[in-house]
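Reading the structure
Given next are the chains, with one letter for each unit.
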Amino acid sequence: STGKVVHISTMGGAINVSEAANGAKVHTMGGNIRVKSAKNFVKAKTMGGNITIDAIDGWISATTMGGNVTVAMTGNPAKGKRDVHLTSMGGDIALTVPNGLSMDIDLEIEYTKKSDKNYKIISDFDIQQEHTDEWDNSKGSPRKYIHGKGKVKDGKHKIKIKTINGNIILKRG
């Protein structure tokens with residue numbers, strides 16, 4: 001409520017932000033991150049923990065090295081920058097977007113040979129999915145990929161979501 005961007009950086013522990021009226025940039029070396037309400041943008045990173053953004057009216061970039069990411073976009077889908085970049089190195093990612101958002105959708109699930117291999121892209125939007133057949137050994141542990149691509153309206157906003165050993169859920173708000 002100070003009129004400034006919320007900046008929080010910690011070496012460990014949870015970060016909880018109730019309101020970031022002008023955006024938030026939050027980083028923790030280990031712990032969950034939760035932002036209840038933000039405008040303009042949220043940039044969140046944790047080395048281990050879940051990231052939850054209850055309401056973002058703007059763009060978002062969120063990365064966790066291990067945990068789930070849950071984001072709900074709000075506001076007028078025709079106004080402002082609304083690009084999304086969500087990454088988890090081990091967990092599910094769920095994104096809810098406002099109805100009518102113009103999107104260029106790029107989704108990727110990597111799953112390792114020792115995982116349960118039953119991961120899915122679940123979407124309220126028309127997504128063309130492609131599953132690789134061969135195991136890729138170029139990244140250490142063998143893995144396969146599920147790619148999802150789609151376009152809504154003119155594809156103005158880039159929606160990029162990537163996870164390893166997790167599901168991707170894309171919902172209409």
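Keep in mind it's a predicted model, so treat the numbers as computed, not measured.

Time to look at the overall build of the chain. Looking only at helices and strands, the chain has zero helices and 15 strands in total. Across its three principal axes, the chain shows a C-alpha extent of roughly 55 × 40 × 20 Å. Buried positions account for 44% of the 173 residues belonging to the chain. Considering only intrachain contacts with a sequence separation of at least 6, the fraction spanning at least 24 residues in the chain is 43%. Entry remark: accessible area of the chain is about 8,700 Å², with carbon and sulfur atoms responsible for 48%. For the chain, the centre of its 26 positive side-chain charges and the centre of its 17 negative side-chain charges are spaced 6 Å apart.

Right, let's get into the packing of aromatic side chains. Tallied over the entire structure, the rule returns three aromatic pairs. Ring geometry for Phe41 against Trp59: centres 5.1 Å apart, planes inclined by 15°, an arrangement best described as stacked. Here Trp59 lies in strand 6 (residues 51-64) and Phe41 lies in strand 5 (residues 38-46), a separation of 18 residues in the sequence. A relative accessible area of 23% means that Trp59 is categorised as partly exposed. The interplanar angle of 85° and the centroid separation of 6.0 Å between the aromatic rings of Tyr111 and Trp135 together place this pair among those described as edge-to-face.

What follows covers a nonpolar patch on the surface. Taken together, the side chains of Met11, Met29, Met47, Met65 and Met89 define a hydrophobic patch exposed on the protein surface, amounting to about 500 Å² of accessible area. Within the fold, Met65 resides in the loop between strand 6 and strand 7 (69-73). Look at Met65 and you get partly exposed, because its relative accessible area is 39%.

Moving on, we get to the nonpolar core. By size, the foremost hydrophobic cluster in this structure holds 40 residues, and its most contacted members are Val42, Val71, Leu86, Leu95 and Ile105. Other than its neighbours up to four places away in sequence, Leu95 contacts Val71, Met73, Val84, Leu86, Ile159, Ile161, Ile169, Leu170 and Lys171.

Below, the discussion takes up the environment of Leu101. Take Leu101: it is sitting in the loop between strand 9 (93-97) and strand 10 (103-112). A sequence separation of 51 residues divides Leu101 from Val152, and the C-alpha atoms of the two residues are 7.3 Å apart.

The next subject is the pattern of salt bridges. Any two side chains of opposite charge can pair if their charged atoms end up close together. For the structure shown, the criterion picks out nine salt bridges. Salt-bridge contacts for Arg82 lead to Asp57; the nearest nitrogen and oxygen are separated by 2.4 Å. Of this pair, Arg82 sits in the loop between strand 7 and strand 8 (84-88) while Asp57 sits in strand 6, and the two are 25 residues apart along the sequence. Of the residues examined, Asp57 reaches a relative accessible area of 25% and is grouped as partly exposed. Lys162 is the partner of Glu108 in a salt bridge, and the nearest nitrogen-oxygen pair spans 3.4 Å. In this pair, Glu108 sits in strand 10 while Lys162 sits in strand 14 (residues 157-164), placing the two residues 54 residues apart along the sequence. Each member of the salt-bridge network shares a partner with another, and the members are Glu108, Glu110, Lys139, Arg143 and Lys162.

The rules behind these values
- Residues numbered from 1 in each chain as written.
- Predicted model: local features only at pLDDT ≥ 70, side-chain atom pairs only at ≥ 80, totals over all residues.
- Heavy atoms only, no water.
- Helix = DSSP H or I, 4+ residues; strand = E, 2+ residues; numbered from the N terminus.
- Buried < 20%, exposed > 50% of the residue type's maximum accessible area, 1.4 Å probe, protein only.
- Contact = heavy atoms within 4.5 Å.
- Areas by Shrake-Rupley, 256 points an atom, 1.4 Å probe, with all protein chains shown as cover.
- Lys, Arg positive; Asp, Glu negative; His and termini not counted.
- Charge placed at Lys NZ, Arg CZ, Asp CG, Glu CD.
- Phe/Tyr/Trp six-rings, centres within 6.5 Å; stacked < 30°, edge-to-face > 60°.
- Patch = residues over 30% accessible without salt bridge, like charges linked within 9 Å, V, L, I, M, F, W, Y side chains within 5 Å.
- Salt bridge = Lys/Arg side-chain N within 4 Å of Asp/Glu carboxyl O.
- Core = buried A, V, L, I, M, F, W, Y, C linked by side-chain atoms within 4.5 Å.

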